[in-house]
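# Understanding the architecture of this molecule
Here is how the chains run, residue by residue.
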Amino acid sequence: MEIFLYGLIITFGVLSYVVGVWQMLKNKYLPSTFSRVIWVLLSINSFAGVILSNSSTSSILLGLIFLSGNIAICIVSFWKGIKTIGKLEYYCLVLLLLSGLIWIFFDAPLVNLIISLSAHFIGGIPTYKKVWIDPTSESFGFWSLFFFASLLSVFVADTTSLKTILFPIYFVIFDGAMSLLTLRKKNL
């Protein structure tokens, strides 16, 4: 049963990024290339934090999918993205550097993971704002597929410690909320 659930986590997680890349190729999603580079760096940081904080196997699997998916979207953004940078990207970059310094000097991978997820949340605020104004501006498929992968990751994990499932819990909340916002009717 556990292997089957891992297979579902992989399926839903990978399909989420397939939807994202497909939308980019169809010019329905045009991310900032600089933002996508920062997301790759954050996902590397998060993945390392997940591994080194002794997270569950399902959390590590989800982190690997998150890292791989962000790399794929970043690569595609070099020819299908927009070349702009805003203040928010700089702020996320500062948080990324801060978490790296904390990690180097204090060997605190869990703190590093928390800072990385905080940067992810802050970087996602404009997307929340955009989908609040126009629910059709984001893909239900993209957000809901990773939400389901995250939910399964929590379900299959040993939940005796919050730190072992912190990564998927964050995405259950973040992507679950985004999925719900995309389901709203426009002009509410």
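Residues numbered from 1 in each chain as written. Predicted model: local features only at pLDDT ≥ 70, side-chain atom pairs only at ≥ 80, totals over all residues. Heavy atoms only, no water.

A grouping of Trp22, Leu25, Ile71, Ile75 and Trp79 is seen on the molecular surface, where their side chains present a nonpolar patch of about 540 Å² in accessible area. Going through the elements one at a time, helix H1 (2–25) and helix H3 (57–80) are the ones with two or more residues in the nonpolar patch. For Trp22, the location among the structural elements is in helix H1. Classification of Trp22 by relative accessible area gives exposed; the value is 51%. (Patch = residues over 30% accessible without salt bridge, like charges linked within 9 Å, V, L, I, M, F, W, Y side chains within 5 Å. Areas by Shrake-Rupley, 256 points an atom, 1.4 Å probe, with all protein chains shown as cover. Salt bridge = Lys/Arg side-chain N within 4 Å of Asp/Glu carboxyl O. Helix = DSSP H or I, 4+ residues; strand = E, 2+ residues; numbered from the N terminus. Buried < 20%, exposed > 50% of the residue type's maximum accessible area, 1.4 Å probe, protein only.)

A positive phi angle, near 60°, is found at Asn27, a position not held by glycine. Structurally, Asn27 can be placed in the loop between H1 and helix H2 (33–52). Given the relative accessible area of 46%, Asn27 is considered partly exposed. With phi around 45°, Asp107 is a residue other than glycine that occupies positive phi space. In this structure, Asp107 sits in the loop between helix H4 (87–106) and helix H5 (109–133).

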